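Fold and contact review
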Amino acid sequence: MYSMNDLILKKRNGGVLTEEEIRYIVNGYTDGSIPDYQMSAFLMAVWFKGMNDDETVKLTMAMAESGDMLDLSKVKKSIGESAGKNMRIIDKHSTGGVGDKTTLIIGPVLAALGVPVVKMSGRGLGHTGGTIDKLESIPGFSSALSEESFIDQVKRIGFADMCQTGNLAPADKKIYALRDVTGTVDNISLIASSIMSKKLAAGAEVIVLDVKCGSGAFMKDISSAKKLAEIMVSIGKKCGRSVTAVISDMNEPLGRFVGNSLEVMEVVEILKGCGDERLRELSVKLAAEMLLLAEEDVSGDKLSEIINNKNVPHTGTEIACSGEEKDSGRYNAAEKRIKEVIQNGKALQKFREFVAAQGGDTGFIDGSSSLEAAKYMIPVRASESGILVSCDTEKIGLASLHLGGGREKISDEIDPSVGIEICHHLGDKIEKNDTLAILYANDEAKAETAAKFIKEAYKTEAEPTDGENHKLIYEIIR
Ligand code: URA
């Protein structure tokens, strides 16, 4: 038997924990025998002293095994039989960003192409939004699915998204909520174990990770984003999963809207073939990566082999694979199929089926009803003319949180209607008093503070900078 106090001290003094010690902490916190105050101190010790790769893998496994591990072989068999082919089941996860709603675009797109997508999502964390909070802005929508109905929905529709109910990675559920309010979110080992424990428990064979990098991400620079990507890929591989990490830009919000119901409506816009270019492009690129990996077995042509099995540097938004035409041909073909199901409405139809299957009112999709709207729409004006050269995206996330779109304490209720419309991208030329953003608010005092955050977030210069910030994808780690 261990003493939690001794283990906190061991980590605080820079010690390396054993597997038994890590399991004692994870299981004790999950069953309630270790209280929040001790776990908070432990997480802070990890934040300051770090964990080595071996400890991170052990922490991930202990968290994944803290509850049930889904067996998706039945889904695979039934989908394979009906499709007449061997399709691998796929999952994706983002490390967290501002305005990131790609899951809700990619899930229906891939389901429309016959690729089963299983997704266990989280709530907002710190300044970043969470898919479950977005989905719950749809009246009637339930993310609390039993494992049985989750599996059944994937078989019927091809896409289900649930929160961590019941017994799937319960350790992460508790630790995630505690990290959110104890200043212990942005640590590589804690993020990697949180994400990968959920992914391993949810059972997909193929996992695509969208590792966000930049001012609105937990990883602010490429080297830490790369380290996070590498450890998650290696944890997945050790557990027999095929994992790819796409390092993508978060130096400005993704898409035009930040805020729960606003982002759901933006998803519908994209699925109707309109909407923000960068959001659409990243969604298509991630979906193409997932589609090729899911179909790898079917073609008998291992993607990892044809792509040289190397980290692939990217320039601009170009997916540069190994440079061989064959590879870009496959990517182009995958992107074409993805764009087709958006153009012909099949992806939107899947989204409708998905919302209905989880109890949501689908009226907002076709305009017969609408999601809850905020009382005020307040423009935030630029204080000076120039080129928008940088954005402190975390501040935009905090502005949305402050309006009521996120939580400051575990017990806070989300206001689904509030948020921010972003009116410019980095690189745009603006004039003094142009509208920088529009606040959707229910409280004028909160809106005043949020407007201050937004004005502080954007910097203008007379001349454009080198454009490094405008890349969409930096690197892909396989
Ligand atoms: N997403 C998660 O699921 N966990 C984290 O720690 C960060 C992003």
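Residues numbered from 1 in each chain as written. Predicted model: local features only at pLDDT ≥ 70, side-chain atom pairs only at ≥ 80, totals over all residues. Heavy atoms only, no water.

1. Focus on the sheet that holds strand 6 (residues 257-258)
- With respect to topology, 4 strands assemble into an open sheet ordered 6-10-12-8, the strand pairing being antiparallel. The open sheet is flanked by strand 6 and strand 8 (376-381), the only strands paired with a single partner.
- Relative to strand 12 (residues 435-441), strand 10 (residues 419-422) is paired through 4 bridges, and the arrangement is antiparallel. When the bridges of strand 12 are listed, Glu421 appears paired with Ile438. (Pairing = 2+ DSSP bridges. Helix = DSSP H or I, 4+ residues; strand = E, 2+ residues; numbered from the N terminus.)

2. A word on the packing of helix 8 (residues 147-157) against helix 17 (residues 346-357)
- Running from N to C, helix 8 and helix 17 cross one another at 155°; their axes reach a closest spacing of 11 Å. Comparing the axis directions of helix 8 and helix 17 gives the class roughly antiparallel. For the element pair helix 8 and helix 17, the recorded crossing hand is right-handed. Here Gln153, Arg156 and Ile157 of helix 8 lie close against helix 17, whose contacting residues are Lys350, Glu353, Phe354 and Ala357.
- Grouping the amino acids of the contact of helix 8 with helix 17 by side-chain chemistry returns 3 nonpolar, 1 polar and 3 charged. (Axes fitted to C-alpha atoms, helices over the stretch in contact; angles between N-to-C directions. Parallel < 35°, antiparallel > 145°, perpendicular 65-115°, else oblique. Left-handed = near helix turned anticlockwise from the far one by under 90°. Contact = heavy atoms within 4.5 Å. Nonpolar A, V, L, I, M, F, W, Y, C, P; charged D, E, K, R; others polar.)

3. Observations regarding the packing of aromatic side chains
- Taken as a whole and judged by the stated rule, the model has 6 aromatic pairs.
- Ring geometry for Phe257 against Tyr440: centres 6.4 Å apart, planes inclined by 65°, an arrangement best described as edge-to-face. Here the residue Phe257 occupies a position in strand 6, and Tyr440 occupies one in strand 12, the gap between them amounting to 183 residues. Here Phe257 matches Tyr440 in class, with each residue buried. (Phe/Tyr/Trp six-rings, centres within 6.5 Å; stacked < 30°, edge-to-face > 60°. Buried < 20%, exposed > 50% of the residue type's maximum accessible area, 1.4 Å probe, protein only.)

4. Some details on the sheet that holds strand 13 (residues 458-461)
- The antiparallel open sheet is built from 3 strands, whose spatial order is 11-9-13. Edge strands, defined here as strands with exactly one partner in the open sheet, are strand 11 (429-430) and strand 13.
- Across 2 bridges, strand 9 (residues 386-391) lies against strand 11 in antiparallel orientation. Bridge pairing links Gly386 to Ile430 in strand 11.
- Sheet contacts for helix 20 (residues 444-457): strand 9 and strand 13; angle to strand 13, the most-contacted strand, approximately 35°.

5. Topic: the nonpolar core
- Ranked by internal contacts, the top residues of the largest apolar core, which has 77 residues, are Ile90, Val109, Phe351, Ile396 and Ile420.
- Considering every element that reaches this core, the biggest residue donor is helix 13 (residues 277-294), with 11 residues.
- Setting aside residues up to four positions removed in sequence, Ile396 forms contacts with Val98, Pro253, Val258, Cys391, Ile420, Ile422, Ile454, Ala457 and Tyr458.
- Of all hydrophobic cores here, the second largest spans 30 residues; its members include Ile195, Leu200, Met219 and Ile247. (Core = buried A, V, L, I, M, F, W, Y, C linked by side-chain atoms within 4.5 Å.)

6. A short note on the site of the ligand
- Neighbouring residues of the ligand: His93, Ser94, Thr95, Leu125, Tyr176, Arg179, Ile191, Ser194, Ile195 and Lys198.
- With respect to the ligand, the side chain of His93 contributes an N or O atom lying 3.0 Å from an oxygen atom.
- Within the side chain of Ser194, one N or O atom sits 2.7 Å away from a nitrogen atom of the ligand.
- Here the ligand, which alone exposes 240 Å², has 96% of that area covered by the protein.
- Every element with two or more residues in the shell around the ligand is listed here: strand 1 (90-94), helix 9 (170-180) and helix 10 (188-202).
- Ranked by residue count, the leading element in the shell around the ligand is helix 10, at 4 residues.
- The class makeup of the residues in the shell around the ligand is 4 nonpolar, 4 polar and 2 charged. (Near = heavy atom within 4 Å. Polar contact = N/O pair within 3.5 Å; in protein donor to acceptor, adjacent residues only side chain to side chain. Areas by Shrake-Rupley, 256 points an atom, 1.4 Å probe, with all protein chains shown as cover.)

7. So, the pairing of strand 3 (residues 159-162)
- Side chains of strand 3 alternate between two faces, with Phe159 and Asp161 and Ala160 and Met162 buried alike.
- Pairing between strand 2 (residues 117-120) and strand 3: 4 bridges, direction parallel. Counted as the bridge partner of Lys119 is Asp161 from strand 3.

8. Here we look at the pattern of salt bridges
- One pass over the structure, following the stated rule, counts 32 salt bridges.
- Ionic pairing is found between Lys212 and Asp100, a salt bridge with its closest N-O pair at 3.9 Å. With Lys212 in strand 4 (residues 206-213) and Asp100 in the loop between strand 1 and helix 6 (102-112), the pair connects residues that are 112 residues apart, well separated along the chain. Accessibility classification places Lys212 together with Asp100 in one group, the buried group.
- Overlapping salt bridges, with partners in common, bring together Lys101, Lys134, Glu263 and Glu266 in one network. (Salt bridge = Lys/Arg side-chain N within 4 Å of Asp/Glu carboxyl O.)

9. Structural notes on the pairing of strand 4
- Burial analysis of strand 4 places 8 of its 8 residues in the buried class, the great majority of the element.
- Looking at chain direction, strand 1 and strand 4 are connected through 5 bridges and run parallel. The partner of His93 across the bridge, within strand 4, is Leu209.
- The pairing of strand 4 with strand 5 (residues 242-249) spans 8 bridges and is parallel. In the sheet register, Val206 faces strand 5, and the bridge partner there is Ser242.
- This β-α-β element, strand 4 to helix 11 (residues 222-238) to strand 5, shows right-handed connectivity. (Right-handed = clockwise from strand over helix to strand, strands pointing away.)

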